[in-house]
Amino acid sequence: MEKMSIYLVTSSFGTLAIAALLYLLHISSKNEDIGKSATIIAWIGGVFLTLALVLRTIVSGRGPFANMYEYTVSFSWGIMLSYLFFERQIKSRSLGLLVVPIAAVLLLYAVSLPGEVEPLVPALQNNLLLTVHVSVAIFAYGMFAVAFGSSLMYLFQKDGNKVSWLPSADVLDDVSYKSVIIGVPLFALVIILGAVWGNVAWGRYWGWDPKETASLVTWLIYLGYLHARSVSGWKGTPAAVLIVIGFVATLFTFFGVNLFLSGLHSYAGL
Amino acid sequence: MSESTGEVEVRTEAKSDPIDGLWRFFSSTKTAIVLILLVAFASFMGSLIPQVPASYAMDPVSYAQWLAAMREKFGAVANIYDALGLFNVYNVFWFKLLLIILIFSTIICTINRLPALWNPVFSPRIKVSDGMFRAAAIRTSIKARQKSSGRGIPQPVKGIAETVFSTLSSHRYKVFVEQGEGTTHFYADRNGIFKLGTLMTHLSLVILMVGAVMGGMFGFSDDGVVIPEGKTYNVGFGENFSIRADQFKAEFYPDGQPKDYWSDLVVIEGGKEVAKQRIRVNEPLEYKGVRFHQSFYGPALAVEVKDGQERTVFSDVLPLVQSSGQNAAGWVSLPGTDVALVASLPFGGDATRPATVQLFKGQVPTSRDTLRPGETKSIGNYQINYKGLKSFTGLRMVKDPGVPVVWLACTLLVVGICVTLYFPRRRIWGRVTAQEVVMAGTADRTVNFRPEFDRIVEAIRRV
Ligand code: HEM
């Protein structure tokens, strides 16, 4: 089953790569049929990923978040879930052009990592808290990835919707905002659940551990975006740039801290 | 009051000014931002610079030793850090002062904004000017159907108004009415009350800081509680109970990674055992608000030392708390002498591996030898018996009465954010006369208001 799960991850990488290509074809040719098949293939990739994660959970008897491999696959799953949700919401496939490749690239990275099921160190053996903490994080990251995709496209569309095959700037701005307002409370929950866990495991709810600090800074960037929008009435380019910066911070929180810094969270390293 | 009339005016000005000025200072967003940045910066320094363990900070002698080690590491800069309190950021007075000022400022900020938040919710402006209607981006005018009786008496305004209000209510709007002459003014909002969500969010920050400060002021923590197996540790910090560690065990995966480790702890109060628990990384023992977390562990040596006259000068379990290269090491100064004993043991290997024992006079090593468990050797002027290998357990001891307050604040924070973000406000002003109903609407930036507004207008028209 462990092998099976690894094969499924590899296949979902292949599937999502094809889906990404179809999204590109669909958007450049405006062919509805290609668009529909892109969506179907993306869903199949999502189902593969779901199966892979379920199998892995059964094999290891815990949530699939214990090392970089599992964590990356879950991240990719969260992105696909958020993306497919928004594809239905805004009835436009053009975000797929940017977001689906992000999910595929993450899977490619995952495939390059050692994928064996590993035993857990004692700090991670608190299943419920760990599972909720990380699975909420996966959704929040997924939302931030969608916001990144739409904000990046916004930056191309801002001067009079020049790119005809992309959604209009207004729609993109709206998608960014909607995904951020889902992501921000979720990510607040992640930080708080992390604090609850830290309080149980280490006896302190906050310790300026690198992962904690990076998460807080990431959250504050998106909070800055919300304040800028509602208090200072920012819209458009500066807001979109803030979201792009936010996603860079998200990626750093996700990968950078585990790979480059040492701290209580670095057990989730390679 | 002042005696000289000439000065009175000046005095009154001077009297009201400082308070006014202070109020303005503390209610300004700029002040808040600067304060937040200062706190963030100080906390950041606290995570960059090593912080003195609580148990050392309490005792001047151990603090001096710790500081000496830091001087070796940082050179002269260590003195500056020490003078500024940067080795103990979270407990230094200026950091606490900063936090208290920040709480103060957030409270003033909140009070200052209260009317601006409160009034639109509970006593909104109902009558607005013509200009406001003309300027509104979203507005409409519904002409009444002419059904007037022959004598030109207008159709009762009341009936039309009722229709408008019930339609708005059925669209989940809360309606406020002000009766004018021949004109009924109204204001209606949807999700108006949820504007108080931002109040909740910002208040939760105050509560959060209060919780954190409570932890610092009324709690304590010690990261480095070391208890050898079988020994009892006096909790201190004004608590009158002790902890005995009966046993420590660790299990490993085949690749040497720790799988599980636990300590059996017993709480002793007034000479009696009052609680007992096996603690693990995620399962601390809590007694009277003090928690004991399994944190680290290591080897300990049962050692007996006799002097030349066969008198036992030391018989205890010596925890090897320090790690030096491949060895765990521990030291004890032999009571009543100026001799210190340093024992070390290589990490890993089986329980029979030999330990190295070294004697020091002051800072000078005098003699050394290695012993296996059960062996007795004479080293220097002492007979040293290495009785057996044991373990010590390392605990983090913490009392933090602020924790429930912090969780309360976190809950309010998330609820407040969700309420604010998911329930944007729509507002409609209007007036009803016999001839027409005029309505103008605005909504939070995030709402696409026009379709909703048009639906309401359509519903009113149909009646
Ligand atoms: C980490 C700290 C903070 C959090 C979590 C927070 C959270 C929020 C949220 C969720 C909103 C609603 C945003 C929206 O309507 O889209 C908001 C609004 C606002 N925030 Fe903050 N905020 C924080 C700090 C501050 C600070 C330091 C200030 C300035 C002193 C501030 C001033 C405001 C103002 C003026 C509003 C406008 C909403 C209103 O009318 O009350 N916030 N905040």
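Cut-offs applied
- Residues numbered from 1 in each chain as written.
- Chains lettered and ligands numbered in written order.
- Predicted model: local features only at pLDDT ≥ 70, side-chain atom pairs only at ≥ 80, totals over all residues.
- Heavy atoms only, no water.
- Helix = DSSP H or I, 4+ residues; strand = E, 2+ residues; numbered from the N terminus.
- Rg over C-alpha atoms; globule rule 2.2 N^0.38 Å.
- Buried < 20%, exposed > 50% of the residue type's maximum accessible area, 1.4 Å probe, protein only.
- Contact = heavy atoms within 4.5 Å.
- Areas by Shrake-Rupley, 256 points an atom, 1.4 Å probe, with all protein chains shown as cover.
- Lys, Arg positive; Asp, Glu negative; His and termini not counted.
- Charge placed at Lys NZ, Arg CZ, Asp CG, Glu CD.
- Salt bridge = Lys/Arg side-chain N within 4 Å of Asp/Glu carboxyl O.
- Near = heavy atom within 4 Å.
- Polar contact = N/O pair within 3.5 Å; in protein donor to acceptor, adjacent residues only side chain to side chain.
- Nonpolar A, V, L, I, M, F, W, Y, C, P; charged D, E, K, R; others polar.
- Buried area = accessible area lost by both parts, 1.4 Å probe.
- Disulfide = S-S within 2.5 Å.
- Pairing = 2+ DSSP bridges.
- Axes fitted to C-alpha atoms, helices over the stretch in contact; angles between N-to-C directions.
- pLDDT = per-residue confidence, 0-100.

Caption draft 1: Examining the overall build of chain B more closely. Per the secondary structure count, chain B includes 11 helices and 20 strands. For 463 residues, the compact-globule formula gives about 23 Å, and the C-alpha radius of gyration of chain B, at 37 Å, lies well above that figure. In terms of overall dimensions, chain B has C-alpha extents of about 130 × 75 × 45 Å along its principal axes. A total of 463 residues make up chain B; the buried ones form 43% of that total. Taking all contacts inside chain B whose residues are at least 6 apart in sequence as the whole, residues at least 24 apart take part in 55%. Total accessible area on chain B stands at roughly 25,300 Å², and carbon and sulfur atoms take up 58% of it. Considering chain B, the positive charge centre built from 51 side chains and the negative charge centre built from 41 side chains are found 11 Å apart.

Caption draft 2: The arrangement of the pattern of salt bridges in detail. All names here are of chain A. Throughout the structure, instances matching the rule amount to 24 salt bridges over all chains. With its nearest N and O atoms 2.9 Å apart, the salt bridge here joins Lys-178 to Asp-174. Of the two residues, Lys-178 and Asp-174 are both situated in helix α6 (residues 169–201); the distance of four residues between them amounts to about one turn of the helix. You can call Lys-178 partly exposed: its relative accessible area is 39%. By relative accessible area, which is 28% here, Asp-174 ends up partly exposed. The network of salt bridges with shared partners includes Glu-32, Glu-87 and Arg-93.

Caption draft 3: Representation of the site of the ligand in the model. Close to the ligand lie 18 residues, the nearest being His-227 and Ser-230 of chain A together with Arg-113, Thr-198 and His-202 of chain B. The ligand is flanked by residues contributed from chains A and B. In this structure, an oxygen atom belonging to the ligand sits 3.0 Å away from a side-chain N or O atom of Thr-198 of chain B. Within the side chain of His-202 of chain B, one N or O atom sits 2.7 Å away from a nitrogen atom of the ligand. Of all the secondary-structure elements, those providing two or more residues to the shell around the ligand are α7 (210–230) of chain A together with α2 (29–48), α6 (93–122), α9 (197–218) and α10 (403–422) of chain B. Looking at the shell around the ligand residue by residue, the class counts come to 10 nonpolar, seven polar and one charged.

Caption draft 4: Fine view of the interface of chain B and chain A. Contact with chain B, which involves 33 residues of that partner, is made by 32 residues of chain A. Approximately 2,700 Å² of surface area, both sides summed, lies buried where chain B meets chain A, with 62% of it carried by carbon and sulfur atoms. The tally of links from chain B across to chain A stands at zero salt bridges. Run the count over chain B and chain A and you get five residue pairs in polar contact (both at pLDDT 80 or more). The set of elements that each furnish at least two residues to the side of chain B that touches chain A consists of α2, α9, β7 (258–269), β10 (290–306), β18 (382–399) and α10 of chain B. Here the side of chain B that touches chain A gets 10 residues from one element, more than from any other, and that element is α10 of chain B. Looking at the side of chain B that touches chain A residue by residue, the classes come out as 18 nonpolar, nine polar and six charged.

Caption draft 5: Structural context of the state of the cysteines. Residues and elements named next belong to chain B. Scanning the entire structure with this criterion turns up zero disulfides over all chains. With no disulfide of its own, Cys-410 has Cys-418 as its nearest cysteine by sulfur position, at a separation of 13 Å. Given a relative accessible area of 11%, Cys-410 falls into the buried group.

Caption draft 6: Broad picture of unusual backbone geometry. All names here are of chain B. Despite not being glycine, Arg-172 shows a phi value in the positive range, around 65°. Tracing the chain through its elements places Arg-172 in the loop between α8 (157–170) and β2 (174–179). The phi dihedral of Lys-288 is positive, around 50°, even though this residue is not glycine. As for its position among the elements, Lys-288 is in the loop between β9 (285–287) and β10.

Caption draft 7: Layout of the environment of Arg-172 of chain B. All names here are of chain B. Overall, the relative accessible area of 62% leaves Arg-172 in the exposed class. In this structure the C-alpha to C-alpha distance between Arg-172 and Arg-190, which are 18 residues apart in sequence, comes to 6.2 Å. If we skip the residues at most four places from it in the chain, Arg-172 touches Asp-189 and Arg-190.

Caption draft 8: Representation of the sheet that holds strand β3 (residues 184–190) of chain B within the structure. Residue and element names in this part refer to chain B. Strand order in the open sheet made by the five strands is β1-β20-β19-β3-β2, with antiparallel pairing throughout. Strands with a single pairing partner mark the edges of an open sheet, and in this sheet they are β1 (138–143) and β2. In this sheet, neighbouring strand axes are inclined to one another by 15° on average, regardless of whether the strands run parallel or antiparallel. As paired strands, strand β19 (residues 426–432) and strand β20 (residues 436–443) are joined by seven bridges and run antiparallel to one another. Bridge pairing in β20 places Arg-426 opposite Ala-443. Helix-sheet contacts for α6 involve β2, β3 and β19, and the interaxial angle to β2 is about 80°. Lying on the sheet, helix α11 (residues 449–462) is in contact with β1, β3, β19 and β20; it crosses β1 at an angle near 10°.

Caption draft 9: Structural context of the confidence of the model for chain B. Residue and element names in this part refer to chain B. Overall, the prediction assigns chain B a mean pLDDT of 83, with 92% of residues at 70 or greater. Averaged pLDDT values for the elements of chain B fall to 61 in helix α1 (residues 5–27) and rise to 95 in α10. A low-confidence stretch, residues 148–154 stays under pLDDT 50, and its non-local contacts, those more than four residues away or across chains, total two contacts. Predicted complex, confidence summary: ipTM 0.86, pTM 0.81.

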